[in-house]
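# Inside the fold
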Amino acid sequence: MMGFQERYDEIREAIDKAVSHSGRKAGSVALMAVSKMHSYDEIENLFGIGQTIFGENRVQEAMMKFPDKRPESMQVHLIGHLQSNKALKAVELFDGIDSVDSLSLARKLQKGCEEKGKLLPLLLQLKTSEEETKSGFESPDELYKALEEIVLMPNLRVEGLMTIGPLGASERVTRLAFALLRQSLDTCNALFPSLGMEKLSMGMSSDFAWAIEEGSTLVRVGTKLFGQRDYTG
Ligand SMILES: *Cc1c(COP(=O)(O)O)cnc(C)c1O
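What this report covers is the structure whose coordinates are included nearby. (Residues numbered from 1 in each chain as written. Predicted model: local features only at pLDDT ≥ 70, side-chain atom pairs only at ≥ 80, totals over all residues. Heavy atoms only, no water.)

## So, the overall build of the protein
- A tally of helices and strands in the protein yields 9 helices and 8 strands.
- For the protein, the C-alpha radius of gyration of 17 Å lies close to 17 Å, the compact-globule estimate for 233 residues.
- Its C-alpha atoms give the protein principal-axis dimensions of roughly 50 × 40 × 35 Å.
- In the protein, which comprises 233 residues, the proportion classed as buried is 48%.
- At a minimum sequence separation of 6, the contacts of the protein that also span at least 24 residues come to 60%.
- Accessible surface, the protein: about 11600 Å² in total, of which carbon and sulfur atoms supply 51%. (Helix = DSSP H or I, 4+ residues; strand = E, 2+ residues; numbered from the N terminus. Rg over C-alpha atoms; globule rule 2.2 N^0.38 Å. Buried < 20%, exposed > 50% of the residue type's maximum accessible area, 1.4 Å probe, protein only. Contact = heavy atoms within 4.5 Å. Areas by Shrake-Rupley, 256 points an atom, 1.4 Å probe, with all protein chains shown as cover.)

## Observations concerning the nonpolar core
- By size, the foremost hydrophobic cluster in this structure holds 60 residues, and its most contacted members are L109 and L124.
- With 6 residues, the top contributor of residues to this core is helix α1 (residues 4-21).
- When neighbours within four sequence positions are excluded, L109 is seen to be in contact with L82, A87, V91, I97, V100, L120, L122 and L156.
- Listed in part, the 7 residues of the second largest apolar core include M32, I53, M162 and L218. (Core = buried A, V, L, I, M, F, W, Y, C linked by side-chain atoms within 4.5 Å.)

## Considerations on the packing of helix α5 (residues 103-116) against helix α6 (residues 140-150)
- Between α5 and α6, the shortest axis-to-axis distance is 10 Å and the interhelical angle comes to 20°. With respect to their mutual orientation, α5 and α6 come out roughly parallel. Pair α5 / α6 crosses with right-handed handedness. Only A146, E149 and I150 of α6 make contact with α5, whose side of the interface consists of L103, A106 and R107.
- Each residue belonging to the contact of α5 with α6 can be placed in one class, and the counts come to 4 nonpolar, no polar and 2 charged. (Axes fitted to C-alpha atoms, helices over the stretch in contact; angles between N-to-C directions. Parallel < 35°, antiparallel > 145°, perpendicular 65-115°, else oblique. Left-handed = near helix turned anticlockwise from the far one by under 90°. Nonpolar A, V, L, I, M, F, W, Y, C, P; charged D, E, K, R; others polar.)

## Focus on the pattern of salt bridges
- One pass over the structure, following the stated rule, counts 14 salt bridges.
- Between K65 and E61 there is a salt bridge, with its nearest N and O atoms 2.9 Å apart. Placement of both K65 and E61 in helix α3 (residues 59-65) is noted, with a separation of 4 residues, approximately one turn of the helix. Neither residue differs from the other here; K65 and E61 are each classed as buried.
- A salt bridge links E149 to R107; its shortest N-O distance comes to 2.8 Å. Here E149 is found in helix α6, whereas its partner R107 is found in helix α5, with 42 residues between them in sequence.
- With relative accessibility at 42%, the residue R107 sits in the partly exposed group.
- Salt bridges linked by common partners bring E171, R175, R182, E213 and E214 together as one network. (Salt bridge = Lys/Arg side-chain N within 4 Å of Asp/Glu carboxyl O.)

## Quick look at α5
- Here α5 spans 20 Å end to end across 14 residues, near enough to the 20 Å set by a 1.5 Å rise per residue.
- Along α5, the residues that are buried comprise L105, A106, L109, Q110, G112 and C113. What you see down the axis of α5 is that its buried residues fit within an arc of 165°, all on one side. Residues of α5 that are exposed and point over 90 degrees away from its buried face: K111, E114 and E115.
- The inward-facing, buried residues of α5 contact α4 (87-93), β4 (96-100), β5 (120-125), α6 and β6 (156-162).
- Following α5 by one or two positions, G117 has its phi on the positive side, about 60°. (Expected span 1.5 Å × (residues − 1). Arc of directions from axis to C-beta.)

Next comes the structure, spelled out in structure tokens:
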């Protein structure tokens, strides 16, 4: 079996290749290691070879897994649906919430941040394909509408948008979904220029090269980095 170092190097290379193939600037795409279902030991291994951004999809799991004091440069973001009743916990735990999918959740996060005296970076998640299981704002218009209020929340800093591509779809269909996210970011910036939103979190193990071609600035890779997740536990 390949070690972390080899898998890490392979993914870095694949990212660089997609970046240069699409004529984008070197270093313009960051890598998030999606560490859900993997141990803190594995996370530390990866951190040891230079990986700094990690993604978790459940508050409870992240709470159990990370030590109270993790290394300062280790950034952990939430990328899964957040229930309102866990918003305060999430504010304490994460360096950013990349999966904000409703106005009411943003209100809860603002309240939590106020209590904790924290400024929280976030991404708004948009549904860019039909799958029912996915969370996210249902349409760009719904997202723009929510932003009208979110921009006024002093403890939240909206940095960009996030989406999950259609699973198992063709290149054409997948790229259309990613293109929609990029266009929506442009519209956000036209409507709310003061935000200067720059981040597009899109692309996973199976589709990150396409996402980079469509403008992704952050790819979220789990399986290709850690191997298959074991759900049988
Ligand atoms: C699990 C997950 C990923 C990583 O998926 P892989 O296919 O294992 O790379 C990325 N984004 C989100 C939101 C996830 O839940």
